[in-house]
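Here is what each chain is made of, one letter per residue.
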Amino acid sequence: QVQLVESGGGLVQPGGSLRLSCVPSRSIFSIYAMGWYRQAPGKQRELVAIITSGSITNYADSVKGRFTISRDNAKNTMYLQMNSLKPEDTAVYYCNAKILISTIMDYWGQGTQVTVPS
């Protein structure tokens, strides 16, 4: 199992930036992949970005070129740098960790609100 603690959400004007952080309760080296998902009111949760233990990344088309996912192994922390924020980025952002045992198990943080007013 793993617990995930997120931080860094808030209110930011369009065009602004925020950085989200996620700290797992176990070594980041033991986690197969970590990512950020978001859920806006009335919508399904969607993948924003993911990074594997080998630092391979993947992004939703809607955030490519604006968001950057990264991991600092020394600090045991994963980040999501969000630039050029738009009102449509408004959502609760959830940290996700995938642990590979015999199958992949998903673990979630509590979520952090990001609000970009129109």
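For the structure, see preceding data.
What you see is a predicted model, and the numbers here were worked out from it, not measured in a lab. (Residues numbered from 1 in each chain as written. Predicted model: local features only at pLDDT ≥ 70, side-chain atom pairs only at ≥ 80, totals over all residues. Heavy atoms only, no water.)

Student: What am I meant to see in the pattern of salt bridges here?
Tutor: As a working rule, side chains carrying opposite charge can pair if their charged atoms are close by. Applying the stated criterion across every chain, the model contains five salt bridges. Residues D89 and R38 are paired through a salt bridge, measuring 3.0 Å at the closest nitrogen-oxygen approach. Remark: R38 occurs in strand β4 (residues 33-39) and D89 occurs in the loop between β8 (77-82) and β9 (91-100); sequence separation between them is 51 residues. What makes D89 buried here is its relative accessible area of 1%. A single network of salt bridges, built from pairs that share partners, joins R38, E46, R66 and D89. (Salt bridge = Lys/Arg side-chain N within 4 Å of Asp/Glu carboxyl O. Helix = DSSP H or I, 4+ residues; strand = E, 2+ residues; numbered from the N terminus. Buried < 20%, exposed > 50% of the residue type's maximum accessible area, 1.4 Å probe, protein only.)

Student: Can you walk me through the sheet that holds strand β3 (residues 18-24) in this structure?
Tutor: Sheet strands line up and pair through hydrogen bonds in the backbone, either parallel or antiparallel. As summarised here, the arrangement of the four strands in space is β1-β3-β8-β7, forming an open sheet in which the pairing is antiparallel. Among the strands making up the open sheet, the edge pair consists of β1 (4-7) and β7 (67-72). Going from strand to strand, the sheet's axes swing by 15° on average, the running direction of each strand aside. (Pairing = 2+ DSSP bridges. Axes fitted to C-alpha atoms, helices over the stretch in contact; angles between N-to-C directions.)

Student: Can you help me understand unusual backbone geometry in this one?
Tutor: For residues other than glycine, phi is negative in most cases, and the peptide bonds are mostly trans. In this structure, S55 takes a positive phi of about 65° despite not being glycine. As for its position among the elements, S55 is in the loop between β5 (46-52) and β6 (57-59). Phi angles above zero are rare outside glycine, and S84 is one such case at about 50°. With respect to the secondary-structure elements, S84 resides in the loop between β8 and β9.

Student: Hey, could you run me through the environment of V116 in this one?
Tutor: With respect to the helices and strands, V116 occurs in the segment after β11 (112-115). Residue class for V116 comes out buried when judged on its relative accessible area of 2%. When the C-alpha atoms of V116 and L11 are compared, they prove to be 6.1 Å apart, with 105 residues separating the residues in sequence. If sequence neighbours within four positions are ignored, V116 has contacts with V12, Q13, P14, L85, K86, P87 and T90. (Contact = heavy atoms within 4.5 Å.)

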